[in-house]
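Secondary and tertiary structure notes
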Amino acid sequence: MSLSITLYRTSAILIIAVCAAGVDSIFRPVRLPERTASTSPAPTQPPSASGAATEQPTKTALAASFPDKGDITLAQARELFSKKAAFADARNRKDYDAGHVEGAWHMPLEDFSGGSPEAAQFLNKTDPIVVYCTGGDCHASHDVVIMLEAMGFTRCYVMVDGYPAWQQAGYETSTGPGPTGGGQ
Amino acid sequence: MSKVPSTWGWLTMPLRLLMGGLFVFAGYVKLSNPQLFAFSVAAFDVFPKDAGHAVKLVAFAVPWTEIIAGTLLILGLWTRAAALVFSLLLLAFIIGIVSVLKRNLNVECGCFGKFEVPCKGNLGTCHLVRNGVMLAVALLILVKGPGAFAIDREPRAN
């Protein structure tokens, strides 16, 4: 078979695929994360001195200027932690088991491939949830936030400094399985 | 269709079916949750920051290409063209993976969704080897043709 026929057919396959993709993308739009190179501005109020949660429920007592969602600093994340906000770890299982924010749920991106992750059913969609990964060029936390928002979660934050900064600051961590004993 | 396939014909036939089936499955998994695959494409960080539309198009175009070309491969229709498409696709994947590894980025493959076999975790050497093997198979089909049980009419190889 001549080379030219093969090339014509190859082009035809690619053109048909791109057309199908174009139509599909119109009917099923996707979102892309907005990459943040550096952390967001410092909080207007200092974080609580103690990491031990003293206030409940989660959505109270935040400064009026506290963002409704989006990227937050380590200090802002700590403030939410002190208000008992939920935390979600977007890293892989191995990293999570090695150490995570105390009480954080394990919620890697692949858990969304079959629908919603098991951990999501334990969370209130209107309460704050802080998602983190390893900071730096890690994108998983932003990706998980997009998935959570698509599920109806309205107050999703990304701790852009990531777990290494949390750990380095000496904040509360734990190891091994998470809140439901590793079933998440 | 050849009446009596050559030795190569009997060899390429199962490879063609296997590869076609694999890519149809991979395309289906990606299209069943395009958002996740769009994240994977974006994570390669090979597109300019303001080219989000290109990332989205690629996120849909790759699985559609896999499904269309994979189906053709299974049927043995336009086999060489489908094999050439996969060769180009796999070459692009390999270049992308090498680029990711050189920049030390942590990128999930997103190739088969939850069914990442045999390579698990972030992109690494395993994915390079896997794609290299598949590229070799695609090139073999491209050179040798569809083999047995194909719709394409190929002159019998002696």
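Residues numbered from 1 in each chain as written. Chains lettered and ligands numbered in written order. Predicted model: local features only at pLDDT ≥ 70, side-chain atom pairs only at ≥ 80, totals over all residues. Heavy atoms only, no water.

Let's shift gears to the overall build of chain B. Helices and strands together make up the secondary structure of chain B, namely five helices and zero strands. For chain B, the α and β elements follow one another from N to C terminus as α-α-α-α-α. Counting all 158 residues of chain B, 51% fall into the buried class. Put simply, of all contacts in chain B between residues at least 6 apart along the chain, 73% involve residues at least 24 apart. (Helix = DSSP H or I, 4+ residues; strand = E, 2+ residues; numbered from the N terminus. Buried < 20%, exposed > 50% of the residue type's maximum accessible area, 1.4 Å probe, protein only. Contact = heavy atoms within 4.5 Å.)

With that settled, consider the overall build of chain A. Along chain A, the regular secondary structure elements total five helices and seven strands. Helices and strands in chain A line up, N terminus first, as α-β-α-β-α-β-β-β-α-β-α-β. Residues counted as buried form 45% of the 184 residues belonging to chain A. If you take every contact in chain A between residues at least 6 apart in sequence, the share linking residues at least 24 apart comes to 73%. Of the accessible surface of chain A, which amounts to about 8700 Å², a share of 56% is contributed by carbon and sulfur atoms. (Areas by Shrake-Rupley, 256 points an atom, 1.4 Å probe, with all protein chains shown as cover.)

Many authors give the size of an interface as the accessible area that is lost as the parts come together. Listed per partner, the contact involves 32 residues of chain A and 35 residues of chain B. Here chain A packs against chain B, burying approximately 3000 Å² in sum over the two surfaces, 72% of which is carbon and sulfur. Counting the surface chain A buries against chain B, the share from its top three residues, A:Ile13, A:Val30 and A:Leu32, is 22%. Secondary structure elements with two or more residues in the side of chain A that touches chain B: α1 (3-27) and α4 (140-150) of chain A. In terms of residue count, α1(A) provides more of the side of chain A that touches chain B than any other element does, 15 residues in total. Across the side of chain A that touches chain B, the residue classes tally to 17 nonpolar, seven polar and eight charged. (Buried area = accessible area lost by both parts, 1.4 Å probe. Nonpolar A, V, L, I, M, F, W, Y, C, P; charged D, E, K, R; others polar.)

Attention now goes to the nonpolar core. Grouped together as the largest cluster of nonpolar side chains are 26 residues, with contacts concentrated most on A:Met107, A:Phe112, A:Ile129, A:Val131, A:Val144 and A:Leu148. Listed by contribution, the elements that provide at least two residues to this core are β2 (86-89), β5 (129-132), α4 and β6 (156-159) of chain A together with α2 (34-43) of chain B. A per-element tally of this core places α4(A) first, with six residues. Among residues more than four places away in sequence, those in contact with A:Val144 are A:Ala90, A:Met107, A:Pro108, A:Leu109, A:Phe112 and A:Val131. Core analysis: the second largest hydrophobic core is formed by 21 residues, B:Ile68, B:Ala82, B:Val85 and B:Leu135 among them. (Core = buried A, V, L, I, M, F, W, Y, C linked by side-chain atoms within 4.5 Å.)

All names here are of chain A. By the alternation rule, side chains of β2 split into Ala86 and Ala88 and Phe87 and Asp89, which are all buried. As paired elements, β2 and β5 share four bridges and run parallel to each other. Opposite Asp89, over in β5, you have Tyr132 as the bridge partner. In this sheet, strand β4 (residues 105-106) lies alongside β2 in parallel orientation, the contact comprising two bridges. Note on β4: the bridge partner recorded for Asp89 is His106. (Pairing = 2+ DSSP bridges.)

Glancing now at the environment of A:Glu118. In this fold, A:Glu118 is placed in the loop between β4 and β5. Expressed as a C-alpha distance, the spacing of A:Glu118 and A:His106, which sit twelve residues apart in the sequence, is 9.6 Å.

Time to look at the side chain of B:Asp152. Mapped onto the elements, B:Asp152 comes out in the segment after α5 (125-144). Here B:Asp152 sits buried without a salt bridge, and the closest side chain of opposite charge, A:Arg9, lies 4.4 Å off (N-O distance). There is a polar contact of 3.0 Å between the side chain of B:Asp152 and the backbone nitrogen of B:Trp78. (Lys, Arg positive; Asp, Glu negative; His and termini not counted. Salt bridge = Lys/Arg side-chain N within 4 Å of Asp/Glu carboxyl O. Polar contact = N/O pair within 3.5 Å; in protein donor to acceptor, adjacent residues only side chain to side chain.)

Right, let's get into the packing of helix α3 (residues 52-75) of chain B against helix α4 (residues 79-102) of chain B. All names here are of chain B. At a minimum axis distance of 9 Å, the contact between α3 and α4 shows a crossing angle of 145°. As α3 packs across α4, the resulting crossing turns out to be left-handed. For the pair α3 and α4, the contacting residues are Val62, Thr65, Glu66, Ala69, Gly70, Leu72 and Leu73 in the first and Thr79, Ala82, Ala83, Val85, Phe86, Leu89 and Phe93 in the second. (Axes fitted to C-alpha atoms, helices over the stretch in contact; angles between N-to-C directions. Left-handed = near helix turned anticlockwise from the far one by under 90°.)

All names here are of chain A. Side-chain alternation along β6 places Cys156 and Val158 on one buried face and Tyr157 and Met159 on a second face that is also buried. Where strand β1 (residues 70-72) lies against β6, three bridges are found, and the strand directions are parallel. Looking across to β6, one finds that Ile72 is bridged to Met159. In the classification by handedness, the crossover that spans β5, the intervening α4 and the parallel β6 is right-handed. (Right-handed = clockwise from strand over helix to strand, strands pointing away.)

Moving on to the state of the cysteines. Formally, a disulfide is one covalent bond, and it connects the sulfur atom of one cysteine to the sulfur atom of another. As enumerated under the stated definition, the model contains two disulfides over all chains in all. Paired through a disulfide, A:Cys133 and A:Cys138 show a sulfur-sulfur distance of 2.0 Å. Disulfide A:Cys133 to A:Cys138: torsion about the S-S bond roughly -135°, handedness left-handed. The residues A:Cys133 and A:Cys138 share a single accessibility class, namely buried. What pairs with B:Cys119 in a disulfide is B:Cys126, and their sulfur atoms sit 2.0 Å apart. Judged by the torsion about the S-S bond (-80°), the B:Cys119/B:Cys126 disulfide is left-handed. (Disulfide = S-S within 2.5 Å.)

A few words on the sheet that holds β5(A). All names here are of chain A. With parallel pairing, the five strands of this open sheet are ordered in space as β1-β6-β5-β2-β4. Of all the strands in the sheet, the pair left with one neighbour each is β1 and β4. Here α4 sits on the sheet in contact with β1, β5 and β6, set at roughly 175° to β6.

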